[in-house]
Amino acid sequence: MKPAIELKDVSFAYDIGPPALEHVSLAVGEGEFLGLVGPNGGGKSTLLKLVLGLLRPSSGEVRVAGGTPQESRKVIGYVPQYARFARDFPISVEETVLMGRLGTTPLMGGYRAADREAARLAMAETEVLDLRQRPLGTLSGGQLQRVLVARALACDPRILILDEPTANIDMRGETEIFDLFKALNQRMTLVVVSHDIGFISRYVTRVACLNRTLLCHQPVPIGPEMIEKLYGMPVQLIPHDTTCKTEAKP
Ligand code: ADP
Ligand code: MG
């Protein structure tokens, strides 16, 4: 399987503080759906920003779709953690989704028909088409998250990266949005950061556990011991599927 994303012995430290990542090696194959889990401050968002080329590793190498992250930026759709908006900022759903075309379309001359069509398709797929005239500030958490996924899809990416996409939505919204991710995985590689190992293990093809170093990305069962190592404290396992899966997709 060709790797869509590859980190080779990557370490990274911000200007201040201890290293955020140390000696992380990870390959995400084309068509995989990787769940990235770990405690707060474990380096998950940092790892995604290295893949996006927003940060550069202190040592080691990051490759995306056979090139550097900068070269491959256009093949990635990204939904950042805590996307914040001024609630009264006067922008509609459609204008927000069109912004996803900015890296694809020439800056001068406004959006073209192809941009509007790509935005329409993305809104249809995420089921926000009937919200397209709505101001962003009037949406529920789940609706807003779908709009942000639509914005990421508008550039027709081969890789979709989502940083805690369900942090502010209820269980029903979470299930719906993961059903959407599962459908998108038919045609693109996905990496999703989540806190809920049990929940995402029902959807993903593999789980990687990150706490400064990569603790597991093999087909090892996640039991209480691994969780304790990962979160630094005993954690009550909720009884759903709690294996750290890596089996191939059917
Ligand atoms: P996670 O997404 O797993 O919660 P992060 O990647 O956000 O973890 O953070 C990893 C570590 O890097 C944390 O200790 C955090 O405090 C630190 N960190 C994150 N962003 C910055 C920054 N811009 N400057 C300095 N330290 C940072
Ligand atoms: Mg984070």
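Residues numbered from 1 in each chain as written. Chains lettered and ligands numbered in written order. Predicted model: local features only at pLDDT ≥ 70, side-chain atom pairs only at ≥ 80, totals over all residues. Heavy atoms only, no water.

### A short note on the confidence of the model for the protein
Should pLDDT be low for a region, the predicted coordinates there are not to be read in detail. Going by this rule: Scored between 0 and 100, pLDDT is the confidence that the predictor attaches to each residue. By the criteria applied, helices consist of DSSP H or I runs no shorter than four residues and strands consist of E runs no shorter than two, each listed in order from the N terminus. Residues are treated as being in contact if the distance between any of their heavy atoms lies within 4.5 Å.
When pLDDT is averaged along the protein, the result is 86; 83% of the residues meet or exceed 70. For the protein, per-element mean pLDDT is lowest for helix α7 (residues 224–231), which scores 66, and highest for strand β4 (residues 59–64), which scores 98. Here residues 235–250 scores under 50 on pLDDT; set against residues more than four positions off or in separate chains, the count is 38 contacts.

### Examining the pattern of salt bridges
Short version of the rule: We define a salt bridge as a contact between a side-chain nitrogen of Lys or Arg and a carboxyl oxygen of Asp or Glu at a distance within 4 Å. Burial here depends on accessible area, computed with a 1.4 Å probe over protein chains only, as a share of the maximum for the residue type. Under 20% is buried, over 50% is exposed, and the range in between is partly exposed.
Scanning the entire structure with this criterion turns up eleven salt bridges. A salt bridge links R63 to E61, with the nearest nitrogen and oxygen atoms 3.9 Å apart. Overall, E61 belongs to the partly exposed group, its relative accessible area being 34%. When the shortest N-O distance is used, the salt bridge between D115 and R112 registers 3.6 Å. If you follow the salt bridges from partner to partner, you end up with K8, E61 and R63 in one network.

### Details of the pairing of strand β1 (residues 3–12)
The line we're drawing: Two strands qualify as a pair provided that DSSP identifies no fewer than 2 bridges between them.
Summarising the sheet, β1 and strand β2 (residues 21–29) pair through six bridges and their orientation is antiparallel. When the bridges of β2 are listed, P3 appears paired with G29. Both β1 and β4 contribute to a ladder of five bridges, which runs antiparallel. For I5, the partnering residue across the bridge sits in β4 and is V64.

### Quick word on the nonpolar core
Threshold: What is meant by a nonpolar core is a set of buried Ala, Val, Leu, Ile, Met, Phe, Trp, Tyr and Cys residues, joined one to another through side-chain atoms within 4.5 Å.
If you look at the biggest cluster of nonpolar residues, it comprises 40 residues, and the most contacted ones within it are V93, V97, V149, F178, F181, L184 and L190. Sorting elements by how many residues they give to this core places helix α4 (residues 141–153) first, with seven residues. Ignoring any residue separated from it by four or fewer positions in sequence, one finds F178 in contact with F33, T166, V192, F199, I200 and Y203. Residues A20, L34, L55 and I159 belong to the second largest nonpolar core, which totals 30 residues.

### So, the coordination of the magnesium ion (ligand 2)
Octahedral metal centres with six donors ideally show angles of 90 or 180 degrees, and tetrahedral centres with four donors ideally show 109.5 degrees. Note the cut-off: With water omitted from the atoms examined, metal sites may look incomplete; donors here are N, O and S atoms no farther than 2.8 Å from the metal, or 3.2 Å in the case of Na, K and Ca.
The coordination sphere of the magnesium ion (ligand 2) contains the protein donors S45 (OG) and Q81 (OE1), at a distance range of 2.1 to 2.2 Å. Residue S45 is located in helix α1 (residues 44–51), and its partner Q81 is located in the loop between β5 (76–79) and α2 (93–98); the two are separated by 36 residues in the primary sequence.

### Observations regarding the environment of T213
Relative to the helices and strands, T213 resides in strand β9 (residues 213–216). Look at T213 and you get partly exposed, because its relative accessible area is 27%. Linking T213 and V10, residues 203 residues apart in sequence, is a C-alpha distance of 9.6 Å.

### Re the site of ligand 1
Put simply, the rule reads: Put simply, a residue is near a molecule or strand once any heavy atom of it comes within 4 Å of that molecule or strand. We call two N or O atoms a polar contact when they sit within 3.5 Å, provided that within protein one can donate a hydrogen and the other can accept it, with sequence-adjacent residues counted only if both atoms are side-chain atoms. Residue-level accessible areas treat just the shown protein chains as cover; the underlying method is Shrake-Rupley with a 1.4 Å probe. Residues are grouped as follows: nonpolar covers Ala, Val, Leu, Ile, Met, Phe, Trp, Tyr, Cys and Pro; charged covers Asp, Glu, Lys and Arg; every other residue, Gly included, is treated as polar.
The environment of ligand 1 is formed by Y14, A20, P39, N40, G41, G42, G43, K44, S45 and T46. The backbone of G42 places a nitrogen or oxygen atom 3.2 Å from an oxygen atom of ligand 1. A distance of 3.0 Å separates an oxygen atom of ligand 1 from a polar backbone atom of G43. Isolated, ligand 1 exposes 560 Å² of accessible area, and the fraction of that covered by the protein chains is 60%. Tallied by class, the residues present in the shell around ligand 1 amount to three nonpolar, six polar and one charged.

### Structural notes on the packing of α4 against helix α5 (residues 171–184)
Selection rule: Fitted lines through C-alpha atoms serve as axes, helices being fitted only where they are in contact, and the angles separating the N-to-C directions of these axes extend from 0 to 180 degrees. Working definition: roughly parallel below 35 degrees, roughly antiparallel above 145 degrees, roughly perpendicular at 65 to 115 degrees, and oblique for all remaining angles. By definition, turning the near helix anticlockwise from the far helix through less than a right angle yields a left-handed crossing, and turning it clockwise yields a right-handed one.
Viewed as axis vectors pointing N to C, α4 and α5 meet at an angle of 15 degrees, and their least axial separation amounts to 11 Å. In terms of orientation, α4 lies roughly parallel with respect to α5. Considering only the axes of α4 and α5, their crossing is right-handed. Where α4 approaches α5, its residues Q145, R146, V149 and L153 are matched on the opposing element by E176, I177, L180, F181 and L184. Of the residues contributing to the contact of α4 with α5, the split by class is six nonpolar, one polar and two charged.

### Structural notes on the packing of aromatic side chains
Put simply, the rule reads: Note on aromatic contacts: the rings of Phe and Tyr and the six-membered ring of Trp form a pair at centre separations within 6.5 Å, being stacked when their planes are under 30 degrees apart, edge-to-face when over 60 apart, and tilted otherwise.
Here the structure, examined in full by the defined rule, presents six aromatic pairs. Relative to Y14, the ring of F12 lies with its centre 4.8 Å away and its plane at 90 degrees, an arrangement referred to as edge-to-face. We classify F12 as buried; its relative accessible area is 7%. Since its relative accessible area comes to 36%, Y14 is described here as partly exposed. Plain terms: the ring middles of F178 and Y203 are 5.2 Å apart, the flat faces sit at 50 degrees to each other, and that makes the pair tilted. Here Y203 lies in the loop between α6 (197–200) and β8 (206–211) and F178 lies in helix α5, a separation of 25 residues in the sequence.

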